[in-house]
Amino acid sequence: ARLKTVLADALNRKSMTVNEMKDVLLQMYAYTGFPRSLTGLGVLVNLLDERHAAGITDEKGREATPLPAGTNIRELGTKTQTELVGRPVKGPVYDFSPEIDTYLKEHLFGDIFSSDLLTHQERELATISALASLPAPVQLRSHLNASLNVGLSPKALREFTEILRRDVGSTEAALAQTTLDAVLAQRAAK
């Protein structure tokens, strides 16, 4: 019910197109799981059907630009992941499970992040919302760092935690704010 309200509000304000909303909900499967993503997409489809039946025409928006033929999706994903994180990603988890490294590089940062319907900043804000809501504090920390790496300012992220407080919940906002404070303190100490 809350998702339907938020989606309807965004459509009414014309702050997002249908395809942009769809892109966020598709991306969420990588962070919140297929069941939640599928449920979100279903909420959007039902909302659009209701609005269409009521005579409301929503802006579909453009389609994502197709990747050039022959694009090496692993190279593209590795490049995107490195830009977001600020360095090449490696470590014991990826050594233990090279499959997850492949999924992240090829599918998440390659296939999903290659869509140009959303900026990396917009994708990171959506991700922060999801991770604060789950909660997933370790990944939240990583994505707050990525948000700074893609040009979101500390001020913008603080303002975003207030939006989380208003629209999502105080617990989620407190986790995001505490984690942001830790990220900023760590960066200042370097």
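Quick caveat, the model's predicted, so the values are computed rather than measured.

J.: Help me out: how do you make sense of the overall build of the protein chain in this one?
T.: Scanning the protein chain from N- to C-terminus turns up 10 helices and zero strands. When its helices and strands are written in sequence order, the protein chain yields α-α-α-α-α-α-α-α-α-α. For 190 residues, the compact-globule formula gives about 16 Å, and the C-alpha radius of gyration of the protein chain, at 17 Å, lands near that figure. In terms of overall dimensions, the protein chain has C-alpha extents of about 55 × 45 × 30 Å along its principal axes. Here the analysis covers contacts within the protein chain between residues at least 6 apart in sequence; of these, 70% occur between residues at least 24 apart.

J.: Looking at this model, I keep getting lost on the pattern of salt bridges. Mind explaining?
T.: It is possible for side chains bearing opposite charge to pair when their charged atoms get close. As enumerated under the stated definition, the model contains 13 salt bridges in all. Taking the shortest distance from any N to any O, the salt bridge between Asp-58 and Arg-51 comes out at 2.8 Å. With respect to class, Asp-58 is no different from Arg-51; both count as buried. One salt bridge connects Arg-62 with Asp-116, and the closest N-O pair in it is separated by 3.1 Å. Highlighted residues: Arg-62 in the loop between helix 3 (34–53) and helix 4 (73–85) and Asp-116 in the loop between helix 6 (98–112) and helix 7 (120–133), separated in sequence by 54 residues. The class of Arg-62 is partly exposed, set by a relative accessible area of 44%.

J.: Would you take a moment to explain the environment of Val-45 for this structure?
T.: Position of Val-45 among the secondary structure elements: in helix 3. With 27 residues separating them in the primary sequence, Val-45 and Val-18 have C-alpha atoms 9.7 Å apart.

J.: What am I meant to see in a nonpolar patch on the surface here?
T.: A cluster of nonpolar side chains, contributed by Val-93, Ile-100 and Tyr-103, occupies part of the molecular surface with about 300 Å² of accessible area. Here Val-93 falls in the exposed class, since its relative accessible area comes to 53%.

J.: Could you clarify how one ought to interpret the side chain of His-143 in this entry?
T.: Following the sequence through the fold, His-143 ends up in helix 8 (residues 137–149). Judged by its relative accessible area of 9%, His-143 falls in the buried class. Only 2.7 Å separates the side chain of His-143 from the side chain of Glu-124, close enough to count as a polar contact.

J.: Would you explain helix 9 (residues 154–167) in this entry?
T.: Residues lying three or four places apart along an α-helix face the same way, a consequence of the helix completing one turn every 3.6 residues. With 14 residues, helix 9 ought to run about 20 Å at 1.5 Å a step, and its terminal C-alpha atoms sit 20 Å apart, in line with that. For helix 9, the secondary structure elements touched by its buried residues are helix 7, helix 8 and helix 10 (170–189).

J.: I'm lost on the packing of helix 4 against helix 6 in this one. Help?
T.: A pair of packed helices can be characterised by two numbers: the angle between their axes and the separation between those axes. Packing of helix 4 against helix 6 leaves a shortest axis separation of 7 Å and a crossing angle of 85°. In terms of axis orientation, helix 4 runs roughly perpendicular to helix 6. Taken together, the residues of helix 6 that come into contact with helix 4 (itself represented by Ile-73, Arg-74, Leu-76, Gly-77, Thr-78, Thr-80, Gln-81 and Leu-84) are Asp-101, Thr-102, Leu-104, Lys-105, Glu-106, Phe-109, Gly-110 and Asp-111. Across the contact of helix 4 with helix 6, the residue classes break down as five nonpolar, six polar and five charged.

J.: Sorry, what's going on with the nonpolar core here?
T.: Side chains of a nonpolar character, in soluble globular proteins, are inclined to be buried together. One finds Phe-113, Ile-128, Leu-144, Leu-157 and Leu-164 to be the most contacted residues of the largest nonpolar core, which totals 30 residues. For this core, the elements supplying multiple residues, two or more each, are helix 2 (18–32), helix 6, helix 7, helix 8, helix 9 and helix 10. Setting aside chain neighbours within four positions, we find Leu-157 in contact with Leu-125, Ile-128, Leu-144, Ser-147, Leu-148, Leu-152 and Leu-180. The next biggest cluster of nonpolar side chains, apart from the first, holds 10 residues, and it includes Ala-8, Ala-10, Leu-25 and Leu-47.

Here is what the cut-offs are and how they apply
Residues numbered from 1 in each chain as written. Predicted model: local features only at pLDDT ≥ 70, side-chain atom pairs only at ≥ 80, totals over all residues. Heavy atoms only, no water. Helix = DSSP H or I, 4+ residues; strand = E, 2+ residues; numbered from the N terminus. Rg over C-alpha atoms; globule rule 2.2 N^0.38 Å. Contact = heavy atoms within 4.5 Å. Salt bridge = Lys/Arg side-chain N within 4 Å of Asp/Glu carboxyl O. Buried < 20%, exposed > 50% of the residue type's maximum accessible area, 1.4 Å probe, protein only. Patch = residues over 30% accessible without salt bridge, like charges linked within 9 Å, V, L, I, M, F, W, Y side chains within 5 Å. Areas by Shrake-Rupley, 256 points an atom, 1.4 Å probe, with all protein chains shown as cover. Polar contact = N/O pair within 3.5 Å; in protein donor to acceptor, adjacent residues only side chain to side chain. Expected span 1.5 Å × (residues − 1). Axes fitted to C-alpha atoms, helices over the stretch in contact; angles between N-to-C directions. Parallel < 35°, antiparallel > 145°, perpendicular 65-115°, else oblique. Nonpolar A, V, L, I, M, F, W, Y, C, P; charged D, E, K, R; others polar. Core = buried A, V, L, I, M, F, W, Y, C linked by side-chain atoms within 4.5 Å.

Interpretation note: all reported values are geometric properties and have no functional meaning in isolation.
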